[in-house]
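Commentary on secondary and tertiary structure
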Amino acid sequence: MFDRILIANRGEIALRIIRAAKELGCETVCVFSQADRDGPWLEYADHTVCIGPGPSANSYLRADRIISAAETMHAEAIHPGYGFLAENAEFAEVCRDCNIEFIGPSPEAMALLGDKISCKQMARAAGTPIFPGSDDAIEDPEEALTVAREIGFPVIVKAAAGGGGRGMRIARNDEELVDGLASARQEAIAAFGNGSVYVEKFLEQARHVEVQCLGDKHGHAVHLFNRDCTSQRRHQKLIEEGPAPGVDERVRDEVCDSAASLIRNAKYSGAATVEFLMDRKQNFYMLEVNTRVQVEHPVTEAITGVDIVKESIRVAAGEPLSVEQCDISVTGHAIECRINAEDPDRGFMPQPGLVDVFQPAGGFGVRVDTHVRPGYRIPPNYDSMIGKLIVHGSDRTEAIAKMKRAIDEFRIGPIKTTLPLHRRLIEAAQFVEHDFDIHWVERLLEEQLV
Ligand code: ADP
């Protein structure tokens, strides 16, 4: 095991990683920006290093400063958390060149799965269900039209290097496809410096279901079952739960096994999530693989009892996974609500500033992952998530009741948060009956039904 690791992140995930490291007997170094000087999570770290001004381009995205901090502080490994440099294969490579262990996959595995075209090709070989469409990058409009005629409109043009919803165009006829191909390519070149695009079937009504996986450096890979993240706004997840409701066990196990095979074939070490869309007939189609720990990982920790962050540190240190597939099972049901400092009644306007009142919910089956305490000032520089409320019940009905109770207990002020919206969403018939698709929250918000 490492003696000392550096955490290249902030907020709740920095604290989550500090806690895991301490339990493993590792000392922690946490880097921070000037805007985070008073970040409460820094008090939990053994050492802290300032790496620059507030804007993340000058601090949390500065690989050179993070590496210098690790070298100066003699940290043997870096945990990137999520966001910032977590899915940057170049950063993983720089770490390796500097003899610092990147807590995550090798740069090769990250690049292979991070490119949507090579990922799709690997998924096909592993038996992971994918969307019908082109197997390779498409340049010629005629070729795109041939693919579209084969699979039928609507189709979607997507960038191989895509992320954050950029480089995507939906096409419902020939003309839109020809235009979409050109504009998606342009956007991809501007955003990612890589203009490769491909075409696949566009699914109108779908749920988002994803599979949590873990791999080690000894060729083992397991899945930790699935999560549903259908409740989203503008592709941002709001509520996550596990296991995904309404998926037959046989289908679930098949898809989860195929996701683990994909990770194993990619020689993947660390935590990964294979994301899918699922249609009403429980057909699964892979969207992409996220090569990092995800915000919603506590849902899976609750239902499987596996500490995903500790496992990721262990496997980076060269240890084998502490669990085998046959040891992992699902107990009960878990739901997570992301607490964003935003005002849902005013277009989700960010709410930086003083948090005067902060009284988290508690009790049996309630977990709160947050870096906030009363008196904390939310800086305007970063994303608005200030915490996560996770509940675990014996079944979905109990988990929903627990979440309602926990939200009612939570007190945050004077800033506004998304919690009151969550309270209304989990009571909505669509959620209770899991009769929903990825646009259900947006539709309700538009119709002002919540
Ligand atoms: P990114 O890496 O930019 O987030 P994804 O591949 O995860 O791109 O897609 C982002 C979102 O776009 C998905 O969550 C889904 O809502 C939508 N999407 C992507 N591909 C399809 C598809 N084939 N059919 C329907 N919706 C899709």
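Above: the structure in question.
Rules and cut-offs
Residues numbered from 1 in each chain as written. Predicted model: local features only at pLDDT ≥ 70, side-chain atom pairs only at ≥ 80, totals over all residues. Heavy atoms only, no water. Phe/Tyr/Trp six-rings, centres within 6.5 Å; stacked < 30°, edge-to-face > 60°. Helix = DSSP H or I, 4+ residues; strand = E, 2+ residues; numbered from the N terminus. Buried < 20%, exposed > 50% of the residue type's maximum accessible area, 1.4 Å probe, protein only. Contact = heavy atoms within 4.5 Å. Axes fitted to C-alpha atoms, helices over the stretch in contact; angles between N-to-C directions. Parallel < 35°, antiparallel > 145°, perpendicular 65-115°, else oblique. Left-handed = near helix turned anticlockwise from the far one by under 90°. Nonpolar A, V, L, I, M, F, W, Y, C, P; charged D, E, K, R; others polar. Pairing = 2+ DSSP bridges.

What follows concerns the packing of aromatic side chains. Counting across every chain of the model gives 10 aromatic pairs. When the centroid spacing of 5.6 Å and the interplanar angle of 75 degrees are considered together, the rings of Tyr 60 and Tyr 382 count as edge-to-face. Of this pair, Tyr 60 sits in the loop between strand 3 (47-50) and helix 2 (63-72) while Tyr 382 sits in the loop between strand 20 (376-378) and strand 21 (385-393), and the two are 322 residues apart along the sequence. By relative accessible area, Tyr 382 is classed as buried at 13%. Seen from their ring centres, Phe 358 and Phe 410 are 5.6 Å apart, and the 75 degrees between their planes marks the pair as edge-to-face.

It is worth spelling out the environment of Phe 364 at this point. Topologically, Phe 364 is positioned in the loop between strand 18 (357-359) and strand 19 (366-370). Among the residues examined, Phe 364 registers a relative accessible area of 75% and is labelled exposed. Along the chain, Phe 364 and Pro 420 lie 56 residues apart, while their C-alpha atoms are 21 Å from each other. With residues up to four places along the chain from it excluded, the contact list for Phe 364 reads Lys 402 and Arg 405.

What follows is about the packing of helix 5 (residues 116-126) against helix 8 (residues 249-265). Axes are the key here: two packed helices are described by the angle between their axes and the distance separating the axes. The N-to-C vectors of helix 5 and helix 8 enclose an angle of 120 degrees; their axes lie 9 Å apart at closest approach. Overall, the two elements helix 5 and helix 8 adopt an arrangement that is oblique. Of the two possible hands of crossing, helix 5 and helix 8 adopt the one that is right-handed. Residue-level inspection shows Cys 119, Met 122, Ala 123 and Ala 126 of helix 5 in contact with helix 8, the latter providing Ser 258, Ser 261, Leu 262 and Asn 265. Taken together, the residues of the contact of helix 5 with helix 8 sort by class into five nonpolar, three polar and no charged.

The next point concerns the packing of helix 4 (residues 107-114) against helix 5. Axis separation between helix 4 and helix 5 bottoms out at 5 Å; the angle between their running directions is 90 degrees. Between helix 4 and helix 5, the angle is such that the two are roughly perpendicular. Of the residues in helix 5, those touching helix 4 at Ala 111, Leu 112, Leu 113 and Gly 114 are Lys 116, Ser 118, Cys 119 and Met 122. Broken down by class, the residue content of the contact of helix 4 with helix 5 amounts to five nonpolar, two polar and one charged.

Turning our eyes to something else, we now look at the sheet that holds strand 14 (residues 333-340). A sheet is described by the order of its strands in space; here eight strands give the open sequence 13-12-9-10-11-14-21-19, paired in antiparallel fashion. The two strands at the open ends of the sheet, each matched to only one other strand, are strand 13 (284-290) and strand 19. Averaged over all pairs of adjacent strands, the angle between their axes in this sheet comes to 25 degrees, without regard to strand direction. Sheet topology places strand 19 next to strand 21; five bridges connect them, and they run antiparallel. Within strand 21, the position partnered with Arg 367 by the bridge is Ile 390. Sheet contacts for helix 9 (residues 297-304): strand 9 (207-215), strand 10 (221-233), strand 11 (236-242), strand 14, strand 19 and strand 21; angle to strand 14, the most-contacted strand, approximately 155 degrees. Helix-sheet contacts for helix 10 (residues 308-316) involve strand 9, strand 10 and strand 12 (270-278), and the interaxial angle to strand 9 is about 40 degrees.

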